Amino acid sequence: MTPAERHHPSRASASAARSMPPAFPDRAPRGAAGSLRAWQARALSQYLEAAPRDFLAVATPGAGKTTFALRIAVELIGQGAVDKVCVVCPTEHLKTQWADASARVGIHIDPAFTNSQGRAGSHFDGVAVTYAQVAANPSVHAARTRAHRTLVILDEIHHAGDALSWGDGVREAFEDATRRLALTGTPFRSDTAPIPFVRYEEDSQGIRRSRADYTYGYADALRDLVVRPVLFMSYSGQMAWRTSAGDEVSARLGEPLTKDMMKQAWRTALDPTGEWIPAVLRAADQRLEEVRRQVPDAGGLVIASDQTQARAYARHLRMITGRAATVVLSDDADASERIDAFRESDDKWMVAVRMVSEGVDVPRLSVGVYATNTSTSLFFAQAVGRFVRARRRGETATVFIPSVLPLLTLAGEMEVERDHALDRPAAAGADEDSMWSPEDALVARANRQERASSDLLGQFEVLGADAEFDGVLFDGAAWGAGAEVGSQEEQEYLGIPGLLDADQVTTLLRARQAEQIASQRKTRAAARLREENAGVSEHRLRASKRKELSRLVSSWSRRSGDTHAVIHAQLRQRCGGPEVARATTDQIEARIALLREWFVGRG
């Protein structure tokens, strides 16, 4: 198999599948009990053929990394290559999940193992521990690893950077392991600390980048119907707040703003005392109700920034739905039990702080609300990964996000593959949220007032936070031209059926957008006629049209990547006339009409 075939399974030759051992189970692209998905079969065949000491598998969240790893464990134990298995994962909750999954394939893992024990019971085939547990006393785990031929499964290996205590502990504890299998769905990190037991190679620019032995990306999984397609519903709106100095500030979420202003507007939107959050939660619940018409047990998850907001969001959901939401907080002793109970129930909503984003396996989650101000690509990908686990053909996922450039960019790059790059200079002035930190630091920061944000914004009072439907991002394209919350246009998008394949979603979005723009054109024509008959002054009408043009240009800028100046120049070239400041009402309307045609034609 060539390097290109190893990194891109879609290019792998058929000979790899034909070379699998006779005992290999029947292969099914969608997977089933007792069988492997096609990518798992290819990766396993490659692993068994090469028999490497270290192997890094990068597979998108929801693709089935756990099943793949456990099949390797079964094979190695069966061959007599290893005697014990040690699973290292980010959270306590995941230890139990690994133990339960292992038991289903006949491997008995102790998730309650503690450092003070030193040894696991002889009736166990191995243990499940956290990265924090290893870092606390790596010598305990090193001794246990040397005592037996051990397969170490490093789940979400990106948590183990050498510059962090977790990485130092992992290297010390498992340096002598017989086999090491590293798994991740998001191999990229924002820092430049090397990850233990991961191979790095220099690219043409001399930058060392991580090299996976097998990669199965979101685009591959979407093509194979292994994961759900994701609809991103974005919401903008007018934000207003009072600063600690007493100044009243107003800005539109999603408009071009300075970094500081964007953060303030974003923070205002997420404040539970404003109207943005209740409006978005109502829309999300309406979307969930639509999905549950065809998928009765579909659930929703709200990811909050801190405990205070999580509880407030839960109160909003109680008022909206008439039912209590499951609230999962990191310092609750029964957090894992609550997640398990929600997974097995048909309850509608769970609200959790950011720590629930990674590794929590609740396949029925179909609708999400990204109500946190974290904008790292690592966290965003892990959060969205909670909603993409496919159970049946045609399921779609919907994630509601604020219309801020960092999130819109990440949503549009869902299918981009990334490697962990070393040797990169740190960005000047990088703030705390732009840097990756391990799970324990993330939880700690999530559950206290964020000092960095407080220093930047000071104490402020939310004066208003209105919501407006901005549009839908799907498969790298943006749809919709904005609409009022509760309008017929918004309802058409929220009412998309819950069971559609990707091509059907695209066809429906194109049709909905065309209908929306045609309806808005008729509404504007009727409104202008009323205004003219009512004697509305020309300057007021012109100001209103300029505002509408500005909003559409901003929306098109986010979609096309062109600057506002470039878009205005293109409009003047096509429609004629001077710059907007000197254009007549008719000239501005012509540009508005052309922009709306662009939305339909290039959706």
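Below you will find a few notes about this structure.

1. What to know about the pattern of salt bridges
Thinking step 1. Going through the model one piece at a time under the given rule, you end up with 20 salt bridges.
Thinking step 2. Residues Glu461 and Arg242 are paired through a salt bridge, measuring 2.5 Å at the closest nitrogen-oxygen approach. With Glu461 in strand E17 (residues 461-465) and Arg242 in strand E10 (residues 230-242), the pair connects residues that are 219 residues apart, well separated along the chain.
Thinking step 3. By relative accessible area, which is 42% here, Glu461 ends up partly exposed.
Thinking step 4. Between Asp285 and Lys348 there is a salt bridge, and its shortest N-O distance comes to 2.7 Å. Taken together, the residues Asp285 in helix H11 (residues 276-292) and Lys348 in the loop between helix H13 (335-344) and strand E14 (349-353) connect sequence positions 63 residues apart. Neither residue differs from the other here; Asp285 and Lys348 are each classed as buried.
Thinking step 5. Three or more residues joined by partner-sharing salt bridges are found here, namely Arg228, Asp297, Arg391 and Glu395.

2. Quick word on the environment of Val367
Thinking step 1. Tracing the sequence through the fold places Val367 in strand E15 (residues 365-371).
Thinking step 2. Assessed through its relative accessible area of 0%, Val367 is described here as buried.
Thinking step 3. Along the sequence, Val367 and Thr398 sit 31 residues apart, while their C-alpha atoms lie 4.8 Å from each other.
Thinking step 4. Residues within four places of Val367 in sequence aside, it is in contact with Ala284, Arg287, Leu288, Val291, Gly299, Gly300, Leu301, Trp349, Phe387, Thr398 and Phe400.

3. With respect to the pairing of strand E16 (residues 397-402)
Thinking step 1. A large share of E16 lies buried, amounting to six of its six residues.
Thinking step 2. Here E16 shows a buried face lined by Ala397, Val399 and Ile401 and a second buried face lined by Thr398, Phe400 and Pro402.
Thinking step 3. Bridging between E10 and E16 involves six bridges; their strand directions are parallel. Looking across to E16, one finds that Tyr235 is bridged to Pro402.
Thinking step 4. Note that the unit made of E15, helix H14 (residues 377-384) and E16 has a crossover that is right-handed.

4. Here we look at the pairing of strand E6 (residues 179-184)
Thinking step 1. For E6, the tally of buried residues reaches six of six residues, placing the bulk of the element in the interior.
Thinking step 2. Every second residue of E6 is oriented toward a common face, with Arg179, Leu181 and Leu183 on one face and Arg180, Ala182 and Thr184 on the other, all of them buried.
Thinking step 3. Pairing between strand E1 (residues 54-59) and E6: five bridges, direction parallel. Considered in E6, the bridge of Phe55 is made with Leu181.
Thinking step 4. Pairing analysis gives four bridges linking strand E5 (residues 150-154) to E6, with the strands arranged parallel. Across the sheet, residue Leu151 finds its bridge partner in E6, namely Arg179.

5. What to know about H11
Thinking step 1. Between its first and last C-alpha, H11 extends 24 Å over 17 residues, near the 24 Å set by a 1.5 Å rise per residue.
Thinking step 2. The buried count for H11 comes to 14 of 17 residues, which makes it a mostly enclosed element.

6. Description of unusual backbone geometry
Thinking step 1. In this model, Phe197 sits at a positive phi of 65 degrees, which is unusual for a non-glycine residue.
Thinking step 2. With respect to the secondary-structure elements, Phe197 resides in the loop between E6 and strand E7 (200-202).

7. Points about the packing of H11 against helix H12 (residues 307-321)
When two helices pack together, their arrangement is given by the angle between the helix axes and the distance between those axes.
Thinking step 1. It is the contact of H11 with H12, at a shortest axis distance of 10 Å, that shows an interaxial angle of 55 degrees. For the element pair H11 / H12, the angle class is oblique. Note that H11 runs across H12; the crossing there is right-handed. Taken together, the residues of H12 that come into contact with H11 (itself represented by Ile277, Pro278, Leu281, Arg282 and Asp285) are Tyr313, His316, Leu317, Ile320 and Thr321.
Thinking step 2. Among the residues forming the contact of H11 with H12, the class breakdown is six nonpolar, two polar and two charged.

Reading the values: rules and limits
Think of each chain on its own: its residues are numbered from 1, step by step along the sequence as written. Local features in this predicted model are restricted to residues whose pLDDT is 70 or higher, and side-chain atom pairs enter the listing and the counts only when it is 80 or higher, whereas totals over whole chains, interfaces and linings include all residues. Excluding hydrogens and water, the side-chain figures rest on all heavy atoms present in the structure. Any Lys or Arg side-chain nitrogen located within 4 Å of an Asp or Glu carboxyl oxygen qualifies as a salt bridge. Each helix corresponds to a stretch of at least 4 residues labelled H or I by DSSP, and each strand to a stretch of at least 2 residues labelled E; elements are numbered beginning at the N terminus. Remark: exposure states derive from per-residue accessible area (1.4 Å probe, protein chains only) relative to the maximum for the residue type, with buried under 20%, exposed over 50%, and partly exposed in between. Contacts were defined at the residue level, with two residues in contact if any of their heavy atoms lie within 4.5 Å. Pairing between two strands is assigned when DSSP locates at least 2 bridges connecting them. Whether a crossover is right-handed depends on one test, that the path from the first strand over the helix to the second runs clockwise when the strands point away from the viewer. In a helix, the anticipated span is given by 1.5 Å times the number of residues less one. For every element, the axis is a line fit to its C-alpha atoms; helices are fit only across the contacting stretch, and the angle between N-to-C directions ranges from 0 to 180 degrees. For classification, angles of less than 35 degrees are called roughly parallel, those exceeding 145 degrees roughly antiparallel, those between 65 and 115 degrees roughly perpendicular, and all remaining angles oblique. Crossing handedness: left-handed means the near helix sits turned counterclockwise from the far one by under a right angle, and right-handed means the same turn made clockwise. Note on residue classes: Ala, Val, Leu, Ile, Met, Phe, Trp, Tyr, Cys and Pro are nonpolar, Asp, Glu, Lys and Arg are charged, and everything else, Gly too, is polar.

Honestly, that's just the spatial picture; any functional story needs more than this.
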